[in-house]
Amino acid sequence: MGSAAKFEDLLTLVGDRGKWQYMIFFFTWIEGVLIGFHHLSSVFLGYTPTHWCSTKDISFPEGWTSDQQKSFSIPVDDEDNYQQCKMFDISSADIAADYDSAVASRTTDLVSCSSWDYATDMGWTTVSEWNLVCERTALLSTVQGSYMGGVFVGCLFWGWASDKFGRRPSILIAAVIQIVSSIIASFSVNYIMFIFFRFLIAFSVSGVFECGFVLVTEIVAPELRTPFGIMTQFPFGIGASLLPLIAYFIKDWTALQLAISIPCTLLISFYWFIPESPRWLIQAGRFTEAREILKNAAKVNGNPIPGDDELLELIKALEDKDETVVENVEMTFMEKFGEAFKEIGMLFKTPQMRKRTINIFFSWLVVAMVYYGLSFNTKNIGGDIYVSNFISGFAEVVACVVII
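Conventions adopted
Numbers given for residues are sequential positions, taken from 1 along each chain in its written order. Given that this is a predicted model, residues contribute local features only at a pLDDT of at least 70 and side-chain atom pairs are listed and counted only at 80 or more, while totals for whole chains, interfaces and linings are drawn from all residues. With hydrogens and water excluded, all non-hydrogen atoms of the structure serve as input to the side-chain values. Under the DSSP-based scheme used, a helix requires at least four consecutive residues in state H or I and a strand at least two consecutive residues in state E, with every element numbered from the N terminus. We compute the radius of gyration from the C-alpha atoms alone; for a globule the expected value is 2.2 Å times N to the 0.38, where N is the number of residues. Note on exposure labels: buried denotes an accessible area under 20% of the residue type's maximum, exposed denotes more than 50%, and partly exposed covers the range between, all computed with a 1.4 Å probe on protein chains only. Contacts are residue-level and defined by heavy atoms, with any inter-residue pair within 4.5 Å sufficient. Like charges are joined within 9 Å and nonpolar side chains (Val, Leu, Ile, Met, Phe, Trp, Tyr) within 5 Å, but only among residues with over 30% relative accessible area and no salt bridge; these make up the patches. Note on areas: Shrake-Rupley, 1.4 Å probe, and residue coverage restricted to the protein chains presented here. We define a salt bridge as a contact between a side-chain nitrogen of Lys or Arg and a carboxyl oxygen of Asp or Glu at a distance within 4 Å. A 1.4 Å probe that fits but cannot get out identifies a cavity on a 1 Å grid over protein atoms alone, an open set with protein on both sides within 12 Å along at least five of seven lines counts as a pocket, and a residue lines either if it has an atom within 4 Å of a point. Grid points are joined across faces, edges and corners, and a volume is the space filled by probe spheres set on the points. Each residue is assigned to one of three groups, with Ala, Val, Leu, Ile, Met, Phe, Trp, Tyr, Cys and Pro labelled nonpolar, Asp, Glu, Lys and Arg labelled charged, and all others, Gly among them, labelled polar. Disulfides are defined as cysteine sulfur pairs within 2.5 Å.

A few words on the overall build of the chain. Helix and strand counts for the chain stand at 20 helices and four strands. The C-alpha atoms of the chain give a radius of gyration of 28 Å, which is well past the 22 Å a tight globule of 404 residues would have. With the principal axes as the frame, the chain shows a C-alpha extent of 100 × 45 × 35 Å. Looking at the chain as a whole, 44% of its 404 residues are labelled buried. Restricting to contacts in the chain with at least 6 residues of sequence separation, those with at least 24 account for 76%.

Right under this line is the structure:
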């Protein structure tokens, strides 16, 4: 049997579009659905309900209804809605027993709320839990900001880690972090704890998804890389479509966070079903391990392959493997830091690369701003928030199918 000229030829030998590839591909869909949950969960976890100043510390005359207490204490705006951040300064006033007389003598001075009451038609959210309203509204943005920060850091770290240590170890470690951090986040006792574990969730999500994406593209035929790459986004739409359904029945933030975290335990199955990338193993010089994985791939795909020794020779004879021997030279921290950015510099090395890189960066920036801007503000565009989010998620499913 002739020698393989490159890795793709060896992959064709064991099967580059068989059951083995599809099995791994569909297992990566688990993370795709979970990303749909976690990326957009703040729409419901951080929903800002109708709120008004709490009147529990004010001593009202006996016999007043709750509506009278509220109307007496809180001014209304131009649309006859109760103001959400101000109330009348009546905490130290003597309130007449007769409601009409009390209203007539009430002060017009306003003070900021010190605590709030919340409508519960959307459940008890993180906003209700930690009073992320009025002067504290900026903290709500920090919740989602910390999540996206985790995505950003995760993209940088796991890209490096998967090249350094392999796709499989990176995926498994990120999966463990995701399972643990997502469940612990459900029991956060304060705002700082919540945003910290949301950061870890996003950080780990990047690792599982992106390393899985790379793994899939490395084990399929070149002509399947584009459709497989596109279809890795398909389960994201499924997760985004399922999220409003889950949130409709589970409204309180603790229970909802737990509900979208428990499915993360399915990632444990990756230990048995997600192999290392044989391409990465060959480039790392771990030929025997690559042989065993390729043998298993051929077995699952039903393809005949040469004996162990001959297959190992084919692997070692690949022309596209890295033959350069790198000396183990001790480097300073700054030298290691500089080396880490060399690959980024290559994106701007030539005029053509600069043009393409800037174009892609700008396109991703605009797409992300528009997509997440609309997704996180569905409550402000009118209509039912659950229906709006379902349509938004399902549009992703349709888009993936259409562009293939």
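Where nonpolar side chains cluster on the molecular surface, the patch consists of Phe-341, Ile-344, Leu-347, Phe-348, Ile-358, Ile-360, Phe-361 and Trp-364 and spans about 810 Å² of accessible area. At four residues, the largest contribution of residues to the nonpolar patch is made by helix α19 (residues 351-375). Examined against the element boundaries, Phe-361 turns out to sit in helix α19.

Now for the pattern of salt bridges. Two side chains carrying opposite charge are able to pair once their charged atoms lie near each other. Enumeration according to the criterion identifies 10 salt bridges in this entry. Among the ionic pairs, Glu-8 bridges to Arg-225, the shortest N-O distance being 2.8 Å. Here Glu-8, found in helix α1 (residues 7-14), pairs with Arg-225, found in helix α10 (residues 222-231); they are 217 residues apart in sequence, far enough to count as distant. Accessibility expressed as a relative area gives 17% for Glu-8, which makes it buried. On the basis of relative accessibility, which here comes to 27%, the residue Arg-225 falls in the partly exposed class. The partner of Arg-167 in a salt bridge is Glu-218, with the nearest N and O atoms 2.6 Å apart. Here Arg-167, found in helix α8 (residues 167-185), pairs with Glu-218, found in helix α9 (residues 191-219); they are 51 residues apart in sequence, far enough to count as distant. Residues joined in a network through salt bridges with shared partners are Arg-291, Glu-292, Lys-295 and Asp-308.

This paragraph deals with empty space enclosed by the protein. Using the criterion set out here, one finds two cavities of 30 Å³ or more in the structure. Looking at the lining of the largest cavity, the elements that each hand over two or more residues are α2 (19-40) and α9. Of the residues forming the lining of the largest cavity, the biggest block, five residues, is contributed by α9. In terms of residue class, the lining of the largest cavity is built from six nonpolar, four polar and one charged. In terms of lining residues, the second largest cavity is bounded by Phe-44, Met-122, Ala-247, Lys-251 and Tyr-386.

All told, the structure shown has two disulfides when counted by the stated rule. Two residues share a disulfide in this structure: Cys-53 and Cys-113, whose sulfurs sit 1.6 Å from each other. Disulfide Cys-53-Cys-113: torsion about the S-S bond near -50 degrees, hence left-handed. Here Cys-113 lies in the loop between β3 (110-112) and β4 (116-118) and Cys-53 lies in strand β1 (residues 51-53), a separation of 60 residues in the sequence. Taken individually, Cys-53 and Cys-113 each receive the classification buried, so the pair is uniform in this respect. The partner cysteine of Cys-85 in its disulfide is Cys-134, sulfur to sulfur 2.0 Å. Where Cys-85 bonds to Cys-134 through sulfur, the torsion about that S-S bond is close to -95 degrees, and the disulfide is left-handed. Of this pair, Cys-85 sits in the loop between α4 (66-73) and β2 (86-88) while Cys-134 sits in the loop between α6 (126-130) and α7 (137-165), and the two are 49 residues apart along the sequence. Its relative accessible area of 28% is what places Cys-85 among the partly exposed residues.

Its boundaries defined by the atoms lining it, the second largest pocket holds a volume of some 270 Å³. Forming the boundary of the second largest pocket are Ser-42, Val-43, Gly-46, Leu-140, Ser-141, Val-143, Gln-144, Phe-376, Asn-377, Lys-379 and Asn-380. Elements with a minimum of two residues in the lining of the second largest pocket: α3 (42-45) and α7. When residues in the lining of the second largest pocket are grouped by element, the largest group, four residues, is from α7. Grouping the amino acids of the lining of the second largest pocket by side-chain chemistry returns four nonpolar, six polar and one charged.

The subject of this paragraph is the side chain of Gln-257. As for its placement among the helices and strands, Gln-257 is situated in helix α12 (residues 253-261). Apart from residues lying up to four places away in sequence, Gln-257 is in contact with His-38, Leu-45, Ser-182, Ala-185, Ser-186, Arg-198 and Ile-201.

Further remarks concern the environment of Val-133. Within the fold, Val-133 resides in the loop between α6 and α7. With relative accessibility at 1%, the residue Val-133 sits in the buried group. Those residues in contact with Val-133 that sit more than four places away from it in its chain are Thr-48, His-51, Trp-116, Tyr-118 and Val-127.

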